[in-house]
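Chain and residue survey
Below, each chain spelled out in residue letters.
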Amino acid sequence: MIGWLDLLTEGDTHPRRFDGAASLRPYLLRIERLSEEAADALIEDGHVAPPLARREYRLRPLVPSTAP
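Just so we're clear, the structure is a prediction, and the values are computed from it rather than from any experiment.

**Quick look at the pattern of salt bridges**
Tallied over the entire structure, the rule returns six salt bridges. A salt bridge links Asp6 to Arg60; the nearest nitrogen and oxygen atoms lie 3.3 Å apart. Here Asp6 is found in strand β1 (residues 5-9), whereas its partner Arg60 is found in strand β4 (residues 57-61), with 54 residues between them in sequence. For Asp6, a relative accessible area of 3% puts it in the buried group. Two residues, Arg25 and Glu36, come together in a salt bridge whose shortest N-O distance is 3.7 Å. Pair noted here: Arg25 is in helix α1 (residues 21-30) and Glu36 is in helix α2 (residues 36-45), with a separation of 11 residues, a long-range link.

As structure tokens, then:
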């Protein structure tokens, strides 16, 4: 089972969904232009904010539905 992650960005109402840290990290570095330090902090802690990043980012693991 894939451990999906939702990236929530300050000011954006739509999360970006990733299939794990391996696909999230390049996105953070290239598209969001986070420093390696900020990207690593977000992946490890699930949250990063100024002064380490320009704006606040949060990670939320997607919990699978338990509906039958």
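**Thoughts on the environment of Glu37**
When you line up the elements, Glu37 lands in helix α2. Relative accessible area serves as the criterion here: at 56%, Glu37 is assigned to the exposed category. The sequence separation of Glu37 and Leu52 amounts to 15 residues, and the corresponding C-alpha distance is 7.9 Å.

**Notes on the pairing of β4**
Where β1 lies against β4, five bridges are found, and the strand directions are antiparallel. Its bridge partner being in β4, Leu7 is matched across the sheet by Leu59. Sheet topology places strand β3 (residues 47-48) next to β4; two bridges connect them, and they run antiparallel. Across the sheet, the residue bridging to His47 is Arg58, located in β4.

**Topic: unusual backbone geometry**
With an omega of 10°, the peptide bond between Pro50 and Pro51 qualifies as cis. Among the secondary structure elements, Pro51 is positioned in the loop between β3 and β4. Even without glycine at this site, Arg33 takes up a positive phi of about 55°. Within the secondary structure, Arg33 sits in the loop between α1 and α2. Judged by relative accessible area, which is 69%, Arg33 ranks as exposed.

Rules of the game
- Residues numbered from 1 in each chain as written.
- Predicted model: local features only at pLDDT ≥ 70, side-chain atom pairs only at ≥ 80, totals over all residues.
- Heavy atoms only, no water.
- Salt bridge = Lys/Arg side-chain N within 4 Å of Asp/Glu carboxyl O.
- Helix = DSSP H or I, 4+ residues; strand = E, 2+ residues; numbered from the N terminus.
- Buried < 20%, exposed > 50% of the residue type's maximum accessible area, 1.4 Å probe, protein only.
- Pairing = 2+ DSSP bridges.

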